[in-house]
Amino acid sequence: MTAPSAVHTGVVADHVDHERCINLEGQAIHVFQFNTPVYLAYEYFLEVPHILQMLPDMLDIQLYALDHYRLVVGATDGHGHAMAAVFDLQADFEEDRYMSLVPAMNGPTTRPRGMNFNGNLWAEAVFQPHRHGTAVEYTVEIELKIPIPRVLKAIPQKFLQNMGERAMSYKMTHMINGFVQSLEADFYRWSHRVA
C-alpha cells in the first residue's frame, strides 16, 4: 500500500549563543498509495487537525485563526526530562493537487511552562493519479532549537549535540512510521464509510 519512507537528520547550526541550545533538523518522506480517485484522497487530507492528531506524541492541536494551527508535540530528552515542542502553522491548499503547512509567525503568545520550546515544521502532500488510484507524496521537515536543561549544563556542548542528533533521527523514524500506520488504517475506515 505504501512506498518506503526516507528519514534524514542533521545539524541546523554549530554556534553557541548565550542560552546554550542544541540545534537540530530532520526530514521524512513517504509515498502513500490509495485505491481511490485523487479527489477522494484530497478530501480526506483536508481535515488537517484530524490528520495531524495521528502524529505520535501529539499533545494538543489548536485552531487559532482560519487555516492556522498550533501543534504541541511531547518528547523526553532521554534523561527523564519531559519536553514539548510548539509549532505554529499555516495551511495552504490547491484543490486535488497539493496542500502544505508552513511555519506561521502570528501564533498566540503563551507563557512557557516547564521545558517548552518553539520549533519550525513544514509539511507537504502532493497528489498524483496512479494506475491503481492515487499516490500521495508526504514530506515533513522539522527544525528545533532545544535549550539545554540546567541539570545538563556541565556536559560538553558537542556531546549533547551528538546525543541530540541521534535522538532526532530516532524521533523522526518513530514519527513517520507511527503516522503512516495510523493514517493508512484511518483512511481505510474513512474511505469505506464514504463509499
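Structural data are supplied above this passage.
Read on for an overview of the structure. Here the residue numbering is sequential within each chain, running from 1 through the sequence in written order. Only residues with pLDDT of 70 or above have their local features reported here, since the model is predicted, and side-chain atom pairs are shown and tallied only from 80 upward, although totals for entire chains, interfaces and linings are computed over all residues. Calculated side-chain values reflect all of the structure's heavy atoms, with hydrogen atoms and water omitted.

Observations regarding the environment of Asn23
Consideration 1: Position of Asn23 among the secondary structure elements: in strand β2 (residues 21-34).
Consideration 2: Buried, partly exposed and exposed residues are distinguished by accessible area as a fraction of the type maximum, computed with a 1.4 Å probe on protein chains only: under 20%, between the cut-offs, and over 50%, respectively. Asn23 sits in the buried class, given a relative accessible area of 6%.
Consideration 3: For the pair formed by Asn23 and Lys145, sequence separation is 122 residues and the distance between their alpha carbons is 4.5 Å. Only DSSP runs of H or I reaching four residues or more are called helices, and only runs of E reaching two or more are called strands; each is numbered from the N terminus.

A look at the nonpolar core
Consideration 1: If you look at the biggest cluster of nonpolar residues, it comprises 52 residues, and the most contacted ones within it are Phe45, Phe87, Phe127, Ile142, Phe179 and Leu183.
Consideration 2: By residue number, the principal contributor to this core is helix α3 (residues 157-194), which donates eleven residues.
Consideration 3: In contact with Phe45, other than residues within four places in its own chain, are Phe34, Ile51, Met99, Ala125, Phe127, Val136, Tyr138 and Leu183. Only buried residues count toward a nonpolar core. Its members are Ala, Val, Leu, Ile, Met, Phe, Trp, Tyr and Cys residues joined through side-chain atoms within 4.5 Å. Between two residues, a contact is recorded if the distance between any of their heavy atoms is within 4.5 Å.

Side note on unusual backbone geometry
Consideration 1: A positive phi angle, near 65 degrees, is found at Asp57, a position not held by glycine.
Consideration 2: Positionally, Asp57 belongs in the loop between α2 (48-52) and β3 (58-65).
Consideration 3: The backbone phi angle of Asp96 is positive, close to 60 degrees, even though this residue is not glycine.
Consideration 4: Looking at the secondary structure, you find Asp96 in the loop between β5 (82-94) and β6 (98-103).

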